[in-house]
Amino acid sequence: MSSLLRLATAGSVDDGKSTLVGRLLYDTKSVLADQLDAVTRASVDRGLSTPDLSLLVDGLRSEREQGITIDVAYRYFATPKRSFVLADTPGHVQYTRNTVTGASTAQLAVLLVDARKGVIEQTRRHAAVLALLGVPRLVLAVNKVDLVDYDEETFRVIAKEFTDHATSLGYAEGSVLAIPVSALVGDNVVERSAHTPWYAGPTLLEHLETVPVAPDPHDAPFRFPVQYVIRPRTPEYPDYRGYAGQVAAGTVRPGDEVVVLPAGLRTTVERIDTPDGELPEAAAGRSVTLVLADDLDIARGDVIAAAGSAPVATDELDATLAWLSEKPLRPGARVLVKHGARTVQAFVDELVSRFDEQKLSTVDYPETLQLNEIGRAKVRVAEPLPVDEYEVSRRTGAFLVIDPADGTTLAAGMVGAPLPVLRSDRDVVSPGP
Ligand SMILES: Nc1nc2c(ncn2[C@@H]2O[C@H](COP(=O)(O)OP(=O)(O)OP(=O)(O)O)[C@@H](O)[C@H]2O)c(=O)[nH]1
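Going by what an unreviewed UniProt entry lists, the protein chain is known as sulfate adenylyltransferase and is assigned to Amycolatopsis methanolica 239.

Participant: Help me understand the overall build of the protein chain, please; the structure alone is not making it clear to me.
Facilitator: Tallying secondary structure elements over the protein chain gives 8 helices and 23 strands in all. Per-residue burial over the protein chain gives 44% buried out of 433 residues. Relative to all contacts within the protein chain whose residues are 6 or more apart in sequence, the contacts with residues 24 or more apart total 71%.

Participant: Any chance you could explain the nonpolar core here in plain terms?
Facilitator: Within soluble globular proteins, side chains that are nonpolar tend to cluster in buried spots. Among the nonpolar cores identified, the biggest contains 86 residues, and A109, A141 and V142 are the most heavily contacted of them. When residues of this core are assigned to domains, at least three map to each of domain 1 (4-210) and domain 3 (313-427). Here V142 is in contact with V113, A115, F155, I158, A159, A178, I179, P180 and V181, once residues within four sequence places are set aside. A249, I272, A284 and I304 belong to the second-largest nonpolar core, a separate cluster that totals 24 residues.

Participant: Would you mind showing me how to read the confidence of the model for the protein chain here?
Facilitator: Detailed reading of the predicted coordinates is not advisable wherever pLDDT is low. Averaged over all residues, the pLDDT of the protein chain equals 83, while 83% of them reach at least 70. In the model, residues 60-71 has pLDDT below 50 throughout and makes 9 contacts with residues more than four positions away in sequence or in other chains. Of the regions scoring below 50 in pLDDT, residues 425-433 engages in 17 contacts with residues more than four places distant in sequence or in other chains. Overall fold confidence for the complex sits at a pTM of 0.73, while the interface term, ipTM, reaches 0.96.

Participant: What is the right way to read the pairing of strand β19 (residues 342-356) from this model?
Facilitator: Residues in a regular strand project their side chains so that they alternate between the two faces of the sheet. Pairing of strand β18 (residues 334-339) with β19 involves 6 bridges; the strand directions are antiparallel. Bridge pairing in β19 places L336 opposite Q345. From the end of β18 to the start of β19, which pair antiparallel, there are 2 residues, and G340 there has a positive phi angle of about 60 degrees. Summarising the sheet, β19 and strand β21 (residues 374-387) pair through 8 bridges and their orientation is antiparallel. Bridge pairing in β21 places V348 opposite V379. Relative to strand β20 (residues 361-364), β19 is paired through 4 bridges, and the arrangement is antiparallel. The residue bridging F355 from the neighbouring strand is T362, located in β20. The hairpin formed by β19 and β20 contains 4 residues between the paired strands, and L360 there has a positive phi angle of roughly 55 degrees.

Participant: Got a minute to help me understand helix α1 (residues 17-27) in this structure?
Facilitator: Since there are 3.6 residues in each turn of an α-helix, residues three or four apart along the chain are aligned in direction. Buried residues dominate α1, accounting for 10 of its 11 residues. By the burial criterion, the buried members of α1 are K17, S18, T19, L20, V21, G22, R23, L24, L25 and Y26. Directly beyond the C-terminal end of α1, a positive phi value near 60 degrees is found at K29.

Participant: Would you take a moment to explain the pairing of strand β15 (residues 287-292) for this structure?
Facilitator: Here 4 bridges tie strand β9 (residues 242-246) to β15, and the two strands are oriented antiparallel to one another. Bridging across to β15, Q246 finds its partner in S287. Examined bridge by bridge, strand β12 (residues 265-274) and β15 share 4 bridges and lie antiparallel to one another. In the sheet register, I272 faces β15, and the bridge partner there is L290.

Participant: I tried to follow unusual backbone geometry on my own but got confused; where do I start?
Facilitator: Excluding glycine, a negative phi dihedral is what most residues carry, and trans is how most peptide bonds are arranged. In the segment running from L261 into P262, the intervening peptide bond is cis, with an omega of 10 degrees. If you trace the backbone, P262 turns up in the loop between β11 (257-261) and β12. Notably, K144 is not glycine yet its phi reads approximately 65 degrees, a positive angle. Examined against the element boundaries, K144 turns out to sit in the loop between β5 (137-143) and α6 (152-168). Owing to 24 C-beta atoms within 10 Å, K144 belongs among the buried residues under this scheme. Located in the positive-phi region is N188, a residue other than glycine, with phi close to 60 degrees. Examined against the element boundaries, N188 turns out to sit in the loop between β6 (176-180) and α7 (204-210). A tally of 26 C-beta atoms within 10 Å means that N188 is categorised as buried.

Basis of the calculations
- Residues numbered from 1 in each chain as written.
- Predicted model: local features only at pLDDT ≥ 70, side-chain atom pairs only at ≥ 80, totals over all residues.
- Helix = DSSP H or I, 4+ residues; strand = E, 2+ residues; numbered from the N terminus.
- Buried ≥ 20, exposed ≤ 12 C-beta atoms within 10 Å, placed from the backbone.
- Contact = placed C-beta atoms within 7 Å.
- Core = buried A, V, L, I, M, F, W, Y, C linked by C-beta atoms within 7 Å.
- Domains from an automatic or database assignment.
- pLDDT = per-residue confidence, 0-100.
- Pairing = 2+ DSSP bridges.

If you want it as structure tokens, here you go:
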């Protein structure tokens, strides 16, 4: 079993996301005593008889909101069975934008709904975005079941509607689980609830602790975006030249034949350096410095890849965009595309289709993409970029679209069409069997 699970949360305002995360931290005893004292005092000040656990999360959030650029905070917690990295995203502003940022590396996402409201437009949109980002597993936390008298039928209806939607988005049956919870009372979050005898499944934490996690794609073709060129030029290392970065996919070993993109130069890996010495191999996720056999002209932003299965450098990206800006996208827009460590000028040639995540259908050649809409576009870049299909590599298949005027992020881009529905032009995808 993997010892680490990366997860993200998504939900609409007031569904109880902060309370749920607070409850997880509190019941797994991941909260420091002084934090808890502060929360208890603040709750008493507000006239509450029990600690308001959402303050654990919201406290951190207000600190974060003073900084302008970070919209996701990562929280770490652990149980004896597993460690967790939780991408915690504020729910109330620019929902989709934060979901995209938080979920892009998640192995599982917990989506919240309010049991009184059930599956709403926002839930369907979030599920579509999570499917698009390739998040392999979903949990639907049907929250506030205390407010519907722990009614089994209410839960079943919501669970079925959601599972059907997720199936249509391409999720297999075993990869989606609905759990009736009350974040406030603590039902089925960490402790099993006596109020839901009709629910036989695991609690949220039990599920998070035992769900199989797909291993990092170590057997995927090797990809290494160069972040820094290291040339110390000190008397000790007069000729040292190394390329620092993080292995984005696959594994590398000394002696491996590689190609440097976009130039297409070939060489072999001589050594893998780290501050703690040389390594016999480095797999996805590992930060290292590569020393190559030949002295090539390699710059920040280049990609070192397995020679046998290198990505193709292209100047036209056929891509799926999740539009994150209030300013709508129109064909002809001039933008910047940031791929790995490289930023190039670009131009949106054509809007091919827009995805209607409510009806699970597409609209051809739309005039615009508005905030939170997902669509396919042809994007022409000024210099060829070594990209992969997003489905092959979540790192080298993704890019950001940036406003050249003020540097804000306009869209998250994925090369190709990660959602099956985006591949067909007009067909409405019917729900699975
Ligand atoms: N009765 C009941 N109330 C709940 C439950 N979970 C959350 N609440 C209440 O719902 C309200 C919203 O909860 P928050 O946790 O702040 O919800 P949120 O808006 O999703 O949080 P963020 O968007 O993450 O800030 C608060 O008043 C909570 O006390 C629950 O299981 N049962």
